[in-house]
Amino acid sequence: MNIDQQIDNVMSDVFEWRRTLHRHPELSFEEHWTSRYIEDALAGMDGIEISRPTPTSVLGIIKGAHPGKKIGLRADIDALPVEEERTDIDFVSEVPGKMHACGHDGHTAILLGAAKILSGNAGRLHGEVYLIFQHAEELIPGGAQEMVATGLFDDLDFIYGQHLFTPVPVGKIGITNGPVTSNSDGFEIIIQGSGGHASQPELTVDPVNIGVQIISQFQAIVSRITSPLDSVVISTTNFHAGSAKNIIPDTAELSGSVRTINDDTRLLVREKMEKAVKNICEMYGATYDFNFQFGYAAVVNDAGMTDKVRQIATERFGDKVFEFPLVMGGEDFSSFSRLVPSTYAMIGVRNPGKDMEYPHHHPKFGMDEDGFIDGVKMMVYVALEMAK
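First, a word on what this report is: a plain description of the structure on this page. (Residues numbered from 1 in each chain as written. Predicted model: local features only at pLDDT ≥ 70, side-chain atom pairs only at ≥ 80, totals over all residues. Heavy atoms only, no water.)

Across the sheet, which stays open at both edges, the 4 strands sit in the order β10-β12-β8-β13 with antiparallel pairing between neighbours. The open sheet has two edge strands with one neighbour each: β10 (232-241) and β13 (287-296). Strand-to-strand twist in this sheet, taken as the mean axis angle between neighbours without regard to direction, amounts to 15 degrees. The pairing of strand β8 (residues 183-192) with β13 spans 8 bridges and is classified as antiparallel. Paired with Ile 191 across the bridge in β13 is Tyr 288. Contacting β8, β10 and β12 (251-260), helix α5 (residues 207-225) runs over the sheet at an angle of about 175 degrees to β10. Relative to the sheet, helix α6 (residues 263-284) contacts β8, β10, β12 and β13, its axis offset from that of β13 by approximately 165 degrees. (Pairing = 2+ DSSP bridges. Helix = DSSP H or I, 4+ residues; strand = E, 2+ residues; numbered from the N terminus. Axes fitted to C-alpha atoms, helices over the stretch in contact; angles between N-to-C directions. Contact = heavy atoms within 4.5 Å.)

In structure tokens form, the structure reads like this:
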């Protein structure tokens with residue numbers, strides 16, 4: 001039986017794994033049931049060395065019969081604090097307030113499917129394949145950072161990751177060289193003013209007015225300080241102040257998200273944001289607390305390795321493969337891509353005809369499982385070819 005036929009046969013297992021995982025979502029750093037489920041599934045396969053790099057992650061190693069490279073295949077396993085609102089599937093979350101709303105249940109099931117194929121074909125496999133079931137992708141500082149800190153992946157030659165992605169139509173596979181996702185950072189600001197009656201603003205230091213000007217100045221950083229050719233997004237997503245219509249409050253709190261691509265711009269934006277806060281607050285006589293939280297770094301695909309992955313994909317999928325544009329989302333796969341040469345791809349699962357088109361993290365998020373076979377094939381063939 002050839003590899004494609006074996007993959008066809010394993011898909012029923014993949015769907016069952018995915019649906020079981022979907023019923024039992026666990027949040028970042030809490031994936032105790034999930035990691036045991038993965039470990040048990042791997043234990044039922046032949047020739048996989050299983051270990052637990054962290055309390056809620058799993059690593060399986062398959063050693064091929066022929067000399068070759070060490071290749072990593074990564075899937076994230078955690079869910080989100082989202083209440084599921086789908087009613088058209090029979091495997092909805094059984095845990096109130098928690099849901100696999102980003103596709104990690106599919107990622108995990110796909111890697112388990114690839115593991116079953118690869119473990120059954122160790123005789124034709126070169127080198128070693130590391131099956132990386134990573135915890136806590138959704139919560140900074142992220143599980144990838146913890147796994148990398150173990151040193152277990154320092155001598156890998158290549159790591160491949162992929163995301164089931166609803167912006168991409170089912171049947172399409174997106175691959176690009178260079179940046180794939182952005183640096184994903186956050187900020188929090190507390191403005192300490194001096195409140196008073198709304199009819200006498202001259203006797204107050206109005207933190208609401210100051211906050212509005214800070215938000216406006218942040219957008220000037222994007223449009224007038226950084227290059228229009230250098231992607232930058234500053235989004236103030238929370239603004240809390242006051243409790244009465246006729247009272248100017250003492251304090252205002254702002255927070256939000258900052259997305260950049262390169263490290264120099266990342267540092268420049270942070271510097272200019274704090275300077276804007278400082279100058280505006282000083283002009284009006286307020287004090288402030290500015291906290292900038294560095295989150296996930298940008299995922300950057302290695303050009304040489306990604307060219308090889310694209311060739312493997314094109315040989316198998318033809319015109320299904322396309323150049324995927326940069327997205328400004330965050331992904332802690334960057335901890336792996338900064339450690340060793342890596343490629344991160346996007347697998348299409350969007351299908352409006354099946355009502356599978358909601359964005360990631362939405363309570364009605366869903367994926368067309370017809371796209372899962374593409375994910376299994378990519379992982380299997382990348383492992384078989386890149387390890388030679």
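Look at helix α3 (residues 104-119) against helix α9 (residues 372-386): their axes get within 9 Å of each other, and the N-to-C directions meet at 45 degrees. The angle between the axes of α3 and α9 places the two elements in the oblique class. Between α3 and α9 the crossing geometry is right-handed. For the pair formed by α3 and α9, the contact residues are Gly 106, Ile 110, Leu 111, Gly 113, Ala 114, Ile 117 and Leu 118 on the first element and Phe 372, Gly 375, Val 376, Met 379, Val 380, Ala 383 and Leu 384 on the second. Residue composition of the contact of α3 with α9, grouped by class: 11 nonpolar, 3 polar and no charged. (Parallel < 35°, antiparallel > 145°, perpendicular 65-115°, else oblique. Left-handed = near helix turned anticlockwise from the far one by under 90°. Nonpolar A, V, L, I, M, F, W, Y, C, P; charged D, E, K, R; others polar.)

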